[in-house]
2 protein chains.
Amino acid sequence: MKELKIFAPATIANVSCGFDILGLCLDTIGDEMVIRKSNNKGVKIAKIDGQDVPLEAEKNVAGVAILALLQQLNADVGFEIEIYKKIKPGSGIGSSAASSAGAVFAVNKLLGDPFSTLELVGLAMQGEALASGTAHADNVAPALYGGCTMVTSYDPLHVVKIPAPEALYASVLHPQIEVKTADSRSVLKEYVPLKSLVTQMGNFGGLISGLYTQDYNLISRSLHDEIIEPYRSILIPAFDKVKERCLQEGALGSGISGSGPSIFALSEGEETAKKVAKGMAEVYKETQIDFDVHRSKINPIGVKILDIIE
Amino acid sequence: MKELKIFAPATIANVSCGFDILGLCLDTIGDEMVIRKSNNKGVKIAKIDGQDVPLEAEKNVAGVAILALLQQLNADVGFEIEIYKKIKPGSGIGSSAASSAGAVFAVNKLLGDPFSTLELVGLAMQGEALASGTAHADNVAPALYGGCTMVTSYDPLHVVKIPAPEALYASVLHPQIEVKTADSRSVLKEYVPLKSLVTQMGNFGGLISGLYTQDYNLISRSLHDEIIEPYRSILIPAFDKVKERCLQEGALGSGISGSGPSIFALSEGEETAKKVAKGMAEVYKETQIDFDVHRSKINPIGVKILDIIE
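Residues numbered from 1 in each chain as written. Chains lettered and ligands numbered in written order. Predicted model: local features only at pLDDT ≥ 70, side-chain atom pairs only at ≥ 80, totals over all residues.

## Notes on the overall build of chain A
- Scanning chain A from terminus to terminus reveals 10 helices and 12 strands.
- Taken against the 2.2 N^0.38 rule, which gives 19 Å for 310 residues, the C-alpha radius of gyration of chain A at 19 Å falls within 12% of a compact globule.
- Taking the principal axes of the C-alpha coordinates as reference, chain A spans close to 55 × 40 × 35 Å.
- Going through the 310 residues of chain A one by one, you find that 58% of them count as buried.
- Within chain A, contacts between residues at least 6 apart in sequence are counted, and of these 73% link residues at least 24 apart. (Helix = DSSP H or I, 4+ residues; strand = E, 2+ residues; numbered from the N terminus. Rg over C-alpha atoms; globule rule 2.2 N^0.38 Å. Buried ≥ 20, exposed ≤ 12 C-beta atoms within 10 Å, placed from the backbone. Contact = placed C-beta atoms within 7 Å.)

## Overview of the sheet that holds strand β7 (residues 168-175) of chain B
Residues and elements named next belong to chain B.
- If you walk across this open sheet you meet the 4 strands as β9-β10-β7-β11, and the pairing is antiparallel. In this open sheet, the two edge strands, each paired with only one partner strand, are β9 (253-256) and β11 (291-297). The mean inter-strand angle of the sheet, taken between neighbouring strand axes irrespective of direction, is 20°.
- In this sheet, β11 lies alongside β7 in antiparallel orientation, the contact comprising 7 bridges. Looking at the pairing, Ser171 lines up with Arg295 of β11.
- Contacts from helix α9 (residues 239-248) reach β7, β9 and β10 (263-268), with the element oriented near 5° to β10.
- The strands touched by helix α10 (residues 270-285) are β7, β10 and β11; relative to β7, the strand with the most contacts, the crossing angle is about 15°. (Pairing = 2+ DSSP bridges. Axes fitted to C-alpha atoms, helices over the stretch in contact; angles between N-to-C directions.)

## With respect to the interface of chain B and chain A
- Across the contact, 31 residues belong to chain B and 31 residues belong to chain A.
- For the side of chain B that touches chain A, the secondary structure elements donating two or more residues are β5 (148-154), β6 (157-162), β8 (191-193), α6 (194-213) and α7 (216-222) of chain B.
- In the sheet, strand β8 (residues 191-193) of chain A pairs with β8(B) via 3 bridges, with the strands oriented antiparallel. Residue A:Pro193 lies in a different strand from β8(B), and its bridge partner there is B:Tyr191.

## Regarding helix α3 (residues 117-132) of chain A
All names here are of chain A.
- Given a rise of 1.5 Å per residue, 16 residues ought to cover 22 Å, and the 22 Å separating the end C-alpha atoms of α3 matches this to within 8%.
- When we look at burial in α3, the residues that qualify are Leu120, Val121, Gly122, Leu123, Ala124, Met125, Gln126, Gly127, Glu128, Leu130 and Ala131.
- As for α3, its buried residues are in contact with α1 (61-73), α2 (95-110), α4 (140-145) and β6 (157-162).
- Phi for Gly133, located one or two positions after α3, is positive at around 85°. (Expected span 1.5 Å × (residues − 1).)

## Thoughts on unusual backbone geometry
- For the bond from A:Asp155 to A:Pro156, the omega torsion is 5°, close enough to zero to count as cis.
- In this structure, A:Pro156 sits in the loop between β5 (148-154) and β6.
- Here B:Gly260 and B:Pro261 are connected by a cis peptide whose omega angle stands at 5°.
- By the element assignment, B:Pro261 lies in the loop between β9 and β10.
- We note that B:Asn14 has phi near 80°; this positive angle belongs to a residue other than glycine.
- Residue position: B:Asn14 is located in the loop between β1 (3-13) and β2 (22-38).

## Details of the domain arrangement of chain A
Residue and element names in this part refer to chain A.
- When its domains are assigned, chain A resolves into domain 1 (3-163 + 299-309) and domain 2 (168-297).
- Of all the secondary-structure elements, those providing two or more residues to the side of domain 1 that touches domain 2 are β1 (3-13) and β2 (22-38).
- In terms of residue count, β2 provides more of the side of domain 1 that touches domain 2 than any other element does, 5 residues in total.
- Of the residues contributing to the side of domain 1 that touches domain 2, the split by class is 10 nonpolar, 10 polar and 2 charged. (Domains from an automatic or database assignment. Nonpolar A, V, L, I, M, F, W, Y, C, P; charged D, E, K, R; others polar.)

## Focus: the packing of helix α9 (residues 239-248) of chain A against helix α10 (residues 270-285) of chain A
All names here are of chain A.
- Taken N-terminus to C-terminus, the directions of α9 and α10 make an angle of 150°; their axes are 9 Å apart at the nearest point. Comparing the axis directions of α9 and α10 gives the class roughly antiparallel. By crossing handedness, the relation of α9 to α10 is classed as right-handed. On α10, the residues touching Lys241, Val242, Arg245, Cys246 and Gln248 of α9 are Val276, Gly279, Met280, Val283 and Tyr284.
- Grouping the constituent residues of the contact of α9 with α10 by class yields 6 nonpolar, 2 polar and 2 charged. (Parallel < 35°, antiparallel > 145°, perpendicular 65-115°, else oblique. Left-handed = near helix turned anticlockwise from the far one by under 90°.)

## Points about α10(B)
Residues and elements named next belong to chain B.
- Look at α10: 22 Å from first C-alpha to last across 16 residues, which is about the 22 Å you get at 1.5 Å a residue.
- Along α10, the residues that are buried comprise Thr272, Ala273, Val276, Ala277, Gly279, Met280, Val283 and Tyr284. The arc that holds every buried residue of α10, seen down its axis, measures 160°, which confines them to one face. Turned more than 90 degrees away from the buried face of α10, the exposed residues are Glu271 and Lys285.
- Buried residues in α10 make contact with β7, α9, β10 and β11. (Arc of directions from axis to C-beta.)

## Overview of the confidence of the model for chain A
- When pLDDT is averaged along chain A, the result is 95; 100% of the residues meet or exceed 70.
- Reported confidence for the predicted complex is 0.94 by ipTM and 0.96 by pTM. (pLDDT = per-residue confidence, 0-100.)

## So, the packing of helix α1 (residues 61-73) of chain B against helix α2 (residues 95-110) of chain B
Residue and element names in this part refer to chain B.
- Running from amino to carboxyl end, α1 crosses α2 at an angle of 35°, the nearest separation of the two axes being 8 Å. Two packed elements cross with a definite hand, and for α1 against α2 that hand is right-handed. Residues Val61, Ala62, Ala65, Ile66 and Leu69 of α1 lie in contact with α2, whose contacting residues are Ser96, Ser99, Ser100, Ala103, Val104 and Val107.
- Partitioning the contact of α1 with α2 into residue classes produces 8 nonpolar, 3 polar and no charged.

## A look at the relation of the copies chain B and chain A
- Expressed as a screw transformation, the operator carrying chain B onto chain A has a rotation angle of 180° and an axial translation of 0.0 Å, and the superposed copies differ by an RMSD of 0.0 Å. The transformation just described matches what one would write down for a two-fold rotation axis. For chain B, the minimum C-alpha distance to the rotation axis belongs to B:Val192 and amounts to 2.5 Å.
- Comparing interface residues between copies, 100% of those in chain B also sit at the interface in chain A, which points to an isologous, same-surface contact. (Least-squares fit on C-alpha atoms with pLDDT ≥ 70 in both.)

## Thoughts on the pairing of β1(A)
Residue and element names in this part refer to chain A.
- Judged by how many residues are buried, β1 sits mostly within the fold: 9 of 11 residues are covered.
- In terms of strand pairing, β1 meets β2 through 10 bridges, oriented antiparallel. Pairing of Thr11 across the sheet is with Cys25, part of β2.

## Examining the sheet that holds strand β9 (residues 253-256) of chain A
Residue and element names in this part refer to chain A.
- Across the sheet, which stays open at both edges, the 4 strands sit in the order β9-β10-β7-β11 with antiparallel pairing between neighbours. Edge positions in the open sheet fall to β9 and β11 (291-297), since each of these has one partner strand only. With direction set aside, neighbouring strand axes in the sheet form an average angle of 20°.
- Pairing of strand β7 (residues 168-175) with strand β10 (residues 263-268) involves 6 bridges; the strand directions are antiparallel. From the neighbouring strand, Leu168 faces β10, where its bridge partner is Glu268.
- Packed on one face of the sheet, α9 meets β7, β9 and β10 and runs near 5° to β10.
- Its contacts with the sheet put α10 on β7, β10 and β11, and the angle it makes with β7 is roughly 15°.

So this is what it looks like as structure tokens:
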């Protein structure tokens, strides 16, 4: 094959009680990318549509991730990419991760799958390092594996995929404010009370168990975060009101997507997810802040191939 | 039925990365108890064999747990119990939990099952409160549910049972020293670095996932504890040597059972568990400390009925 068109999904990291570990892959929110083999070595970003992100390969997360891949292969090949960016940068639903995960996924396919999915996570993390200064995997892992993922360790990198329950839907509100990653990190406490750790681990264990056994009640009772959310939510206007409304509308739980500012809610079934998304929008209409609302089932496979040109 | 003879299993709490949450039920280590209906209201402890524990019902963990049960029922009944204590108190493998779990299990059966297993956990916790001053559930939950349990919350009490993998075996070394629960609590730090929390949660998530998917490699790579073990292990002579030996003999992992002093190791298959138990014994023979070594598969059901007298 010469060229691939792909869908690169948005993702929800942390998922309340899974700080820096858990991630969920979304299905109807994401970028599109076209990646084609080129006669010129290296990476050329031919087109970026929709958002103002850098065209130079070395400054673009997709470019950096592909360059990391090519360096490992020591391959005499080149690629041209077009990025149709639909996820807004800084939204907290893995905008940079979608680009770098999509890029390495497509290049790997075009080269005949020399890398495993875990290795692709490691390469896409190079893009994350460019975007945020930290090579974290909690968005690229779900983008590449699909479903729900746990980054159980970084040294060595290890990812566990948990199949997401069939009827699990996400609603996402993206308030169009800027929350700098540095700010969202700096509000966190460096030390956590041992008691809070036990509560958090109880919820985390319950959530994982609920996902494995498709127990929506257990998922619901476990979607709490008493370590990060109390601090980060202060940076998100009307967070408490949105969350309260989500629960009123029947959501299983609600929290901050990644480091924010997006707010997510999980629901059993599409109908509830619709009501929740509508409720989120109604709360935010009362603020003076622009916003987007998304709704999606959990994407079981991650990056998707939309078209193949042989 | 008038009388029951039961097996009340020993248990391993914490299981490295699951502090105050996880527990495993053992199969061939435990007490025996005989519980019979009596014409006299209340609880009479007719016999205690094997260990020097209090005969007065109000001072005995089994007695206290049954009294708590009877108080809830407001029932005009009485019971007589005999305890054949094989688990040494203070060993760290749930000696008091076995007695209180066994007691409420048997009385509940003799009364026609008025309480759910979760309710029995709550009642057995009264015995734990007497034994250690804290009504914890991480030993009584696995003793009553069997397999592997997570106490995901206390308020309200909630327990999740994870079926234990078929070939999972435990080896346990009990050094006959006294480690006071108060001491094993006091060495812990009140605050934990956020970074350590993320590492611990990664291991905890990996362990739960490994148990659900019977992935022994994942169980093995997850059996680490960087929050509690570094402090508590100081109270256990030759801990590092025993642990190292367990891993050399092929154990999946090794750590402190409950708050110690017992050291446990988990293995895939009975043969490895045997070698590990032998290795534990060899290390401890070089100390001047008396010890017991146990070996057991994971008990899938918890308390067992050995005999029924109608």
